[in-house]
Structures are given as structure tokens and as C-alpha cells.
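Geometric and topological summary
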Amino acid sequence: MVGANTRFAHLLSRPGFYTSGYTTPAQHPHTGHLHLQDGLRPATRTADATVWRELFSPPHALNFGIGGDATQHVLWRLSNGELDNISPKVVVLWVGTNNHGHTAEQICEGILAIVQVIKNKLPHANTLVLGLLPRGKLPNRLRERNAQVNQLVEEALSSLPHASFLNVDSGFVHSDGSISHRDMYDYLHLTPQAYQDVCQPIHAHLKSLLEKPAGN
């Protein structure tokens, strides 16, 4: 992944969207872990805040997630100062389902480019890449694409000592191929209970990474 910014320059355009507030360097030198997500939050802010407070805030977390982000948007932010002045031990990356019009291979390339930028800017951090969730009430092209992205990313990360992949699908697809509105109220965004179910294994895996001795 040499020259990621050059190789993936076509992913970096987002005219008219970002303001300086999104790229102002964070002043949090003691951050334990950083979350970069695409905003797949539960139905209510209360549920989101409760899960965040209980599971992620105690180990000095920062949340840089922005709703609707695709890989090129995260890559743009990270390449324009968002990782300055922080030194998290773990970066949690969850992005790709909003990459409309992109193939699974293109999304995988975008995710790997982000992982490389994180490595370049935070050489001592571990990156935990979360698998994309299934979407849609019934089997569909986007669900198949997300599954393919997961397979490609997991394979690519298996050889990287500074990054790992975590499948966070707790079994949302039923035996008949359907997803319940009790898990995803609009068949994309998680309900409060489903969000809790997804975040529990993230918390457990994150805890193990944070407890690892430096350099392992």
C-alpha cells in the first residue's frame, strides 16, 4: 500500500461538504481509542448515548463518526488533519455501506487506503475494522455487495500485524432471508436493542486490544 493518497486520489473529493470544524486537529493527547464510523446509529439519540457512555467512554474514547460518510469522505478527513495531535492505541473503523455506486472491490480498496493512512499517521495504533452489516428486508444486491466487501477486507487484513477484522453481525438475517424491523427499523439502521447487541462484542474485542502490551 505505498502511496495510498496518490493511488486513491479519486476517492478524496467531497466539494462543498466539509467545513474547518471537521478537520480541526483534536486536542486529546490521552485518547485510548478513536471511532471512525458512518453513522449507523440506533433509532434514538438516547440509546446511542447510553451505549456509548456505558461501553466506550470510560477508556478515554473519541467519536469522529459522521452520518452518511463513505470511504472517500473518511479518507479525506484523515488526510486533512483529523488525526493530528492525538495518539490512540486503537482506531475502530466502520465504513463502506454508504458507498453508493461502488463495487465491492472499490470499497475494499477504500477501506485499505484508510487503514494505510492510519498506519502512516499513527504508527503505533492498531486498527479494528468492523464488518459491514446486511441490509434490506429481503435479499438484495447491496446485501450481497456488503458480504463480498467483508470477505475481501478480512482476507486483506489477515496479513497485516497492525489491523484486524471483526464480524459484528449477530445473526440479523433469518432462515428465510429476511431482516426484522425489530433489529433494523428501516432495514438499514439499528434499533436500540440491536445496537446494544452489536456493540457488546466490539467492546470485548476493543478491551482486549487496549490491554495488549505495546508493540504486540
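So, how was this worked out
- Residues numbered from 1 in each chain as written.
- Predicted model: local features only at pLDDT ≥ 70, side-chain atom pairs only at ≥ 80, totals over all residues.
- Heavy atoms only, no water.
- Helix = DSSP H or I, 4+ residues; strand = E, 2+ residues; numbered from the N terminus.
- Buried < 20%, exposed > 50% of the residue type's maximum accessible area, 1.4 Å probe, protein only.
- Contact = heavy atoms within 4.5 Å.
- Areas by Shrake-Rupley, 256 points an atom, 1.4 Å probe, with all protein chains shown as cover.
- Salt bridge = Lys/Arg side-chain N within 4 Å of Asp/Glu carboxyl O.
- Pairing = 2+ DSSP bridges.
- Expected span 1.5 Å × (residues − 1).
- Arc of directions from axis to C-beta.
- Polar contact = N/O pair within 3.5 Å; in protein donor to acceptor, adjacent residues only side chain to side chain.

**A word on the overall build of the chain**
For the chain, the count of helices and strands is six helices and five strands. Counting the 216 residues in the chain, one finds 50% classified as buried. For the chain, the proportion of contacts with a sequence separation of at least 24, taken over those separated by at least 6, is 80%. With an accessible surface of roughly 10300 Å², the chain has 52% of that area assigned to carbon and sulfur atoms.

**A few points about the pattern of salt bridges**
Summed over the entire model, instances satisfying the criterion amount to three salt bridges. One salt-bridge network, held together by shared partners, links D69, R77 and E82.

**A word on the pairing of strand β5 (residues 163–166)**
Pairing geometry for strand β4 (residues 126–130) and β5, over four bridges, is parallel. Bridged to L130 within β5 is L166.

**Observations concerning helix α5 (residues 141–157)**
Between its first and last C-alpha, α5 extends 24 Å over 17 residues, near the 24 Å set by a 1.5 Å rise per residue. Those residues of α5 not exposed but buried are L142, R143, R145, N146, V149, N150, V153 and L157. Burial along α5 is one-sided: seen end-on, the buried residues are contained in an arc of 155°. α5 presents R141 and E144 as exposed residues on the side facing more than 90 degrees away from its buried surface. Of the surrounding elements, those touching the buried residues of α5 are α4 (104–121), β4 and β5. Measuring from the side-chain oxygen of the N-cap residue of α5 to the backbone nitrogen of L142 gives 3.0 Å; that N-cap residue is N140.

**With respect to the side chain of N99**
Checked against the element boundaries, N99 lands in the loop between β3 (90–94) and α4. A polar side-chain atom of N99 sits 2.8 Å from a polar atom in the side chain of T71. The contact partners of N99, leaving out residues within four places of it in the chain, are A70, T71, Q72, I107 and R145.

As far as function goes, none of this settles anything; it's purely spatial.
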